[in-house]
There are 2 protein chains.
Amino acid sequence: MMELTRKGEYAIRGIVHLAGKPLDSVCLLSEIAAAVDVPPTFLAKIFQQFSKIGLVKSFRGTGGGFMLGRAPENITLLEVVEAVEGPIIPNRCVINPSDCDRSSYCNVHPVWKQVQDGVRGVLEQVTLKELAAGSSKS
Amino acid sequence: MMELTRKGEYAIRGIVHLAGKPLDSVCLLSEIAAAVDVPPTFLAKIFQQFSKIGLVKSFRGTGGGFMLGRAPENITLLEVVEAVEGPIIPNRCVINPSDCDRSSYCNVHPVWKQVQDGVRGVLEQVTLKELAAGSSKS
DNA sequence: CCCTAAAAAGACATATAAAGTCTTCTTAGG
DNA sequence: CCTAAGAAGACTTTATATGTCTTTTTAGGG
Ligand code: SF4
Ligand code: SF4
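Residues numbered from 1 in each chain as written. Chains lettered and ligands numbered in written order. Predicted model: local features only at pLDDT ≥ 70, side-chain atom pairs only at ≥ 80, totals over all residues. Heavy atoms only, no water.

J.: Please explain the overall build of chain A as it appears in this structure.
T.: Each helix and strand counted, chain A has seven helices and two strands in total. Listing every helix and strand of chain A by position from the N terminus yields α-α-α-β-β-α-α-α-α. Taking the principal axes of its C-alpha atoms as reference, chain A extends roughly 60 × 25 × 25 Å. The 138 residues of chain A split such that 50% are buried. Long-range pairs, those at least 24 residues apart, make up 63% of the contacts in chain A between residues at least 6 apart in sequence. Accessible surface, chain A: about 6,800 Å² in total, of which carbon and sulfur atoms supply 51%. Here chain A carries 15 positive and 14 negative side-chain charges, and the mean point of each set is 5 Å from the other. (Helix = DSSP H or I, 4+ residues; strand = E, 2+ residues; numbered from the N terminus. Buried < 20%, exposed > 50% of the residue type's maximum accessible area, 1.4 Å probe, protein only. Contact = heavy atoms within 4.5 Å. Areas by Shrake-Rupley, 256 points an atom, 1.4 Å probe, with all protein chains shown as cover. Lys, Arg positive; Asp, Glu negative; His and termini not counted. Charge placed at Lys NZ, Arg CZ, Asp CG, Glu CD.)

J.: How do you make sense of the protein's contact with DNA strand D when you look at a structure like this?
T.: Not every one of the 24 residues close to DNA strand D is listed here, only the nearest: Arg60 of chain A together with Leu29, Lys45, Ser58 and Arg60 of chain B. The share of sugar and phosphate among atoms of DNA strand D within 4 Å of the protein is 66%. Residue Lys45 of chain B places a side-chain N or O atom 2.4 Å away from a base nitrogen belonging to DNA strand D. The separation between a phosphate oxygen of DNA strand D and a polar side-chain atom of Ser58 of chain B is 2.8 Å. (Near = heavy atom within 4 Å. Polar contact = N/O pair within 3.5 Å; in protein donor to acceptor, adjacent residues only side chain to side chain.)

J.: Would you take a moment to explain helix 4 (residues 77-85) of chain A for this structure?
T.: For an α-helix, 3.6 residues make a turn, and residues three or four places apart therefore share a direction. In terms of burial, helix 4 of chain A is a largely internal element, seven of the nine residues being buried. Taken together, the buried positions of helix 4 of chain A are occupied by Leu77, Leu78, Val80, Val81, Ala83, Val84 and Glu85 of chain A. Residues of helix 4 of chain A that are buried in the fold lie against helix 1 (6-19), helix 3 (40-52), helix 6 (109-124) and helix 7 (128-132) of chain A together with helix 6 (109-124) of chain B. One or two steps after helix 4 of chain A, the chain reaches Gly86 of chain A, where phi turns positive at roughly 85 degrees.

Listed below in structure tokens is the structure:
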């Protein structure tokens, strides 16, 4: 359980690859897709999501492509994951306690909050800069 | 992401209910299902899984039913969850690094191990005894 | 102005997994 | 041998994951 989807995995690979590039260099989607071994059409969808929330900047037309929206040290893995997978929710009652009648007295409920905080805490400590370290090719 | 399935949620509810009963009392599946608001046929499947690994003991025929396999303070939430949901795997490379060519140099890989350990750590600290506290009726 | 290169958008298709049901079989007590 | 349970497995339905395809928009260059 608790498994990251392919989409999430691809998203991370893609943006980490971008983070390994020099800042302000525009990168073709096709180039990224090939480098990280992801179906280009699928990665396109993912980068569109990134673009909407500003995690990456996109440029259309000739000479277009993608670049990182912010400095890699200011983008956390948590942001990336939540951008494409949605919030970290170990159980639905965590985000919406009224979903479950039992939430008011349930002893399990707080455990899921603890799990959520734990996972978020780990992912929040990791930045794209660290993740890209060592994989910078030109 | 990271969401527990209904099956997992039901499993917890069911076994916690059982843990709230006096030890050595046999409990009907139908009674449990009604008490925790789960489709009886579905809960049956879940308890069969529990039974196979000894988390609960089952008795067939007239006067049959289920009872907890061990004392509730010796059963952790982690065991219950993993019994029905399988191991906690934030990403497939965690359980089988050879799945991914990149695992040898990937900087993301260790983060998922950290997440895994974190989640397991939380769930391992919680026992059925604590979860059942306060919900003992008869 | 037109042609081409690129991303954006949305409809579509397929595969897998989750969620639940149904039927038949086995076991045990009375 | 009849009835009350759980065991087992096939089956169905629904939702999600994993893509693909087509069309549109945007931008640069001749
Ligand atoms: S029973 Fe408890 S853990 Fe389960 S959904 Fe309700 S509040 Fe959450
Ligand atoms: S790229 Fe890294 S995180 Fe992703 S599957 Fe491979 S080893 Fe795991």
